[in-house]
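Residue-level structural notes
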Number of protein chains: 2
Amino acid sequence: MTDDTSRTAPPVLEFWFEFASNYSYLSAMRIDAAAARRGVAVRWRPFLLGPIFQSFGWPTSPFALQKEKGAWVWKDMVRQCAKYGLPWRRPSVFPRAATLPMKVAAAHAGAAWIGAYCRRFMHKNFVLDEDIDSEAQVVAVLEGLGLDAPAVLAQALADPGRRCLREATEQARTRGIFGAPTFFVGDEMFWGNDRLDDALDFAAPST
Amino acid sequence: MTDDTSRTAPPVLEFWFEFASNYSYLSAMRIDAAAARRGVAVRWRPFLLGPIFQSFGWPTSPFALQKEKGAWVWKDMVRQCAKYGLPWRRPSVFPRAATLPMKVAAAHAGAAWIGAYCRRFMHKNFVLDEDIDSEAQVVAVLEGLGLDAPAVLAQALADPGRRCLREATEQARTRGIFGAPTFFVGDEMFWGNDRLDDALDFAAPST
C-alpha cells in the first residue's frame with residue numbers, strides 16, 4: 001500500500017528553544033542548514049524555560065544555581081563555538097530576560113522569517129551582549145528583515161497571538177521538557193544541542 | 001629548541017568515572033580504542049560521585065532526583081548504546097553501590113589491567129544488571145583476568161591503597177568535577193561522554 005502524503009511530506013523536527021539558553025544558541029545557528037542537508041523540515045517552537053525550572057523548585061537556570069557546572073559551561077561554550085565556527089561573547093547578564101521577543105516568536109512561529117528572526121536575537125544575546133527584552137529591539141529586528149513591524153507586533157500582543165507563548169510553555173511542561181534545546185521527532189524526545197545530529201538521524205534515517 | 005621528553009611522551013587524557021554512572025559506561029567501553037587511535041595515553045581515575053553530589057546538597061543522582069530528566073536518560077541510553085554498538089540493560093537499581101570494586105580500582109589505577117577490570121564491572125552493572133559491591137564479585141573479576149585476587153584485594157584494603165579512593169574523590173571535588181564521566185587534559189576539563197572526542201582533539205590536535 002502506498003500513501004502519497006507520507007511519501008512526499010518531509011520528516012519534521014521540532015526545535016524547542018529559548019533566547020536566554022546558550023546551548024539553544026548553538027542549535028539555532030546551525031539547525032536550518034543541518035536539517036536542509038537531510039531533507040528535514042524544522043518547526044521552531046519557542047517556549048519559556050523559567051516556568052519549567054520553577055516547576056522543579058529552581059528559582060533560575062541550573063548553570064546559575066550550581067557554580068561548578070556554571071563555571072564549566074562558559075569554558076565549554078568557547079570550545080563549542082570554535083568547533084562550529086560561531087562567534088561568541090559570554091553574556092554579562094545570564095539568563096537574560098527575553099519575554100517580548102519570545103512572545104513575538106511564539107505568535108509567528110510558523111512564519112517564513114522565524115529562523116532569521118531567532119538567529120538575530122541569539123546574535124544580540126550571545127555575540128553583541130545586548131539586552132533584548134524591549135520593543136525597540138523587536139522593532140529593529142523586524143524592520144531589518146523588511147517586515148511591517150507594527151503589524152507583526154500588534155498580532156503578537158492581541159488574541160490569539162498573545163496566548164501562544166504561554167500555551168507553548170505549558171505544552172513543553174506536559175511533554176516532559178526539562179531543558180533547552182529539546183528536539184522532538186514525533187513523540188521521540190532528544191535533549192541538548194549534542195543530540196541534534198541524533199535527532200536528524202532519527203528523522204531521516206536513510207539519508 | 002627541542003625537548004626529547006615532550007617529543008616522545010604521548011599526551012595524557014585523565015578519565016574520571018565511577019561504576020554507578022551510566023554515561024561513564026559509554027566512555028569506559030570505548031576510551032582505550034579511541035585514545036589509541038589518536039596516540040593518547042589514558043589515565044583511569046576512579047572516584048565516588050556520591051560525596052560530590054552530597055556536597056551540592058543532593059542526596060542521590062540528579063537522574064533519580066529529577067524525574068523528567070531521569071525518564072529521558074533511560075531512553076537516551078538505549079539510543080546511545082545502539083549508536084556505539086554497545087549492549088545495554090537498564091539497571092534495576094540506580095545508582096548502584098560499588099564502593100568495594102571502586103576501592104580496588106583506585107588502589108590499582110595505574111595497573112596494566114585497570115581498563116579490562118573496569119569494563120568488566122561496567123558490563124556487570126549495565127548489561128548483566130548484577131549487584132557488584134561484594135568481595136565475591138571483585139574476586140571473580142580479578143581471577144577472570146588471571147590475577148592473584150587475594151594479593152590485589154589485600155593491597156587495596158591496607159594502607160596506602162585503602163586511602164586512594166577517598167583521596168581521589170577529594171581531588172575530584174577540588175578540581176571542580178561535578179559529574180561523570182569527566183576528562184582532563186592538563187588543567188582543561190571536559191564533562192560528559194559527549195565531550196570525549198573534543199578532549200581527544202584537544203590532547204592530540206595534529207592527528
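That block above? That's the structure.
Residues numbered from 1 in each chain as written. Chains lettered and ligands numbered in written order. Predicted model: local features only at pLDDT ≥ 70, side-chain atom pairs only at ≥ 80, totals over all residues. Heavy atoms only, no water.

**Some thoughts on the interface of chain A and chain B**
Put simply, the test is: We call two residues contacting when some pair of their heavy atoms lies within 4.5 Å. Buried area is understood as the total, over both parts, of accessible area removed when two parts are fitted together, assessed with a 1.4 Å probe. Take a side-chain nitrogen of Lys or Arg and a carboxyl oxygen of Asp or Glu: if they are within 4 Å of each other, that pair is a salt bridge. What qualifies as a polar contact is a pair of N or O atoms within 3.5 Å, subject to a donor-acceptor requirement within protein and to the restriction that residues adjacent in sequence count only when both atoms come from side chains. What counts as a helix is a DSSP run of H or I of at least four residues, what counts as a strand is a run of E of at least two, and both are numbered from the N terminus. Each residue is assigned to one class: nonpolar for Ala, Val, Leu, Ile, Met, Phe, Trp, Tyr, Cys and Pro, charged for Asp, Glu, Lys and Arg, and polar for all the others, Gly among them.
Across the boundary between the two partners, chain A contributes 20 residues, which contact 20 residues of chain B. Roughly 2,100 Å² of surface becomes buried between chain A and chain B when both sides are summed, with 54% attributable to carbon and sulfur atoms. Summed over the three residues of chain A that lose the most area to chain B, namely A:Trp72, A:Arg79 and A:Arg195, the buried surface amounts to 29% of that side. Our count for the contact surface shared by chain A and chain B stands at eight salt bridges. Of the charged contacts, one joins B:Asp76 and A:Arg195 as a salt bridge, the two residues approaching to 2.7 Å between their closest N and O atoms. Counting across the chain A and chain B interface gives 14 residue pairs in polar contact (both at pLDDT 80 or more). Ranked by residues supplied to the side of chain A that touches chain B, first place goes to helix H5 (residues 67-84) of chain A with seven residues. Its residues assigned to classes, the side of chain A that touches chain B shows eight nonpolar, three polar and nine charged.

**A word on the nonpolar core**
To keep it simple, the criterion reads: Grouping buried Ala, Val, Leu, Ile, Met, Phe, Trp, Tyr and Cys residues that are joined through side-chain atoms within 4.5 Å yields what is termed a nonpolar core. For every residue, the accessible area (1.4 Å probe, protein chains only) is compared with the maximum for its type, and the residue is labelled buried under 20%, exposed over 50%, or partly exposed between those bounds.
Within the largest apolar cluster, 66 residues are counted, with the highest numbers of intra-cluster contacts made by A:Phe47, B:Leu13, B:Phe19, B:Tyr25, B:Met77 and B:Tyr117. Among the elements that make up this core, the one with the highest residue count is helix H2 (residues 22-38) of chain B (seven residues). With near-sequence residues (within four places) excluded, A:Phe47 lies in contact with A:Trp16, A:Phe17, A:Glu18, A:Ile52, A:Met102, A:Leu165, A:Ala168, A:Thr169, A:Ala172, A:Ile177, A:Gly179 and A:Ala180. Within the second largest apolar cluster, 65 residues are counted, among which are A:Phe121, A:Phe126, A:Ile132 and B:Phe47.

**Quick word on the sheet that holds strand S2 (residues 41-46) of chain B**
Residues and elements named next belong to chain B. This is how it is decided: By the convention used here, strands pair only if DSSP detects at least 2 bridges between them. Between the N-to-C directions of two axes lies an angle of 0 to 180 degrees, each axis being a line fitted to C-alpha atoms and, for a helix, fitted only over the stretch in contact.
Taking strand neighbours across the sheet as the criterion, the four strands line up as S2-S1-S3-S4 in an open arrangement whose pairing is mixed. Where the open sheet ends on each side, the last strands, each with one partner, are S2 and strand S4 (188-191). Going from strand to strand, the sheet's axes swing by 25° on average, the running direction of each strand aside.

**Examining the relation of the copies chain A and chain B**
The operation relating the pair of chain copies consists of a rotation about an axis and a translation along that axis. For clarity, the threshold we go by: Only residues with pLDDT of at least 70 in both copies contribute their C-alpha atoms to the least-squares superposition of the copies.
Each copy of the sequence occupies a distinct position, and chain A is placed on chain B by a rotation of 180° and an axial shift of 0.0 Å, giving an RMSD of 0.0 Å. Considering both components of the superposition, the chain copies are consistent with a two-fold axis. Using C-alpha coordinates, one finds that chain A approaches the rotation axis most closely at A:Asp194, a distance of 3.5 Å. The share of interface residues of chain A whose copies in chain B are also at the interface is 100%, consistent with both copies meeting through the same surface.

**Concerning the packing of aromatic side chains**
Spelled out, the test is: Note on aromatic contacts: the rings of Phe and Tyr and the six-membered ring of Trp form a pair at centre separations within 6.5 Å, being stacked when their planes are under 30 degrees apart, edge-to-face when over 60 apart, and tilted otherwise. Criterion for a charge above a ring: Lys NZ or Arg CZ within 6 Å of the ring centre, and within 35 degrees of the ring normal.
As enumerated under the stated definition, the model contains 46 aromatic pairs over all chains in all. Taken together, a centroid distance of 6.3 Å and an interplanar angle of 50° make the contact between B:Phe19 and B:Tyr117 tilted. Here the residue B:Phe19 occupies a position in the loop between strand S1 (12-17) and H2, and B:Tyr117 occupies one in helix H7 (residues 114-126), the gap between them amounting to 98 residues. The class for B:Tyr117 is buried, based on a relative accessible area of 0%. Members of the aromatic cluster, joined through ring pairs, are A:Phe15, A:Phe17, A:Phe19, A:Trp44, A:Trp113, A:Tyr117, A:Phe121 and A:Phe183. Above the plane of the ring of A:Phe184 lies A:Arg175, whose end atom (NZ or CZ) is 3.9 Å from the centre.

**Brief notes about the pairing of strand S1 (residues 12-17) of chain A**
Residue and element names in this part refer to chain A. Heads up, the rule is: Assignment of crossover handedness uses the view with strands pointing away from the viewer, where a clockwise path from the first strand over the helix to the second indicates a right-handed crossover.
Burial analysis of S1 places five of its six residues in the buried class, the great majority of the element. When S1 meets strand S2 (residues 41-46), the two strands line up parallel, connected through six bridges. By the bridge assignment for S2, Glu14 is matched with Arg43. Each parallel crossover has a hand, and the one from S1 via helix H2 (residues 22-38) to S2 is right-handed. Of the strand pairs in this sheet, S1 and strand S3 (residues 182-185) are connected by three bridges, and their pairing is antiparallel. From the neighbouring strand, Trp16 faces S3, where its bridge partner is Thr182.

Just distances and angles here, no functional claims.
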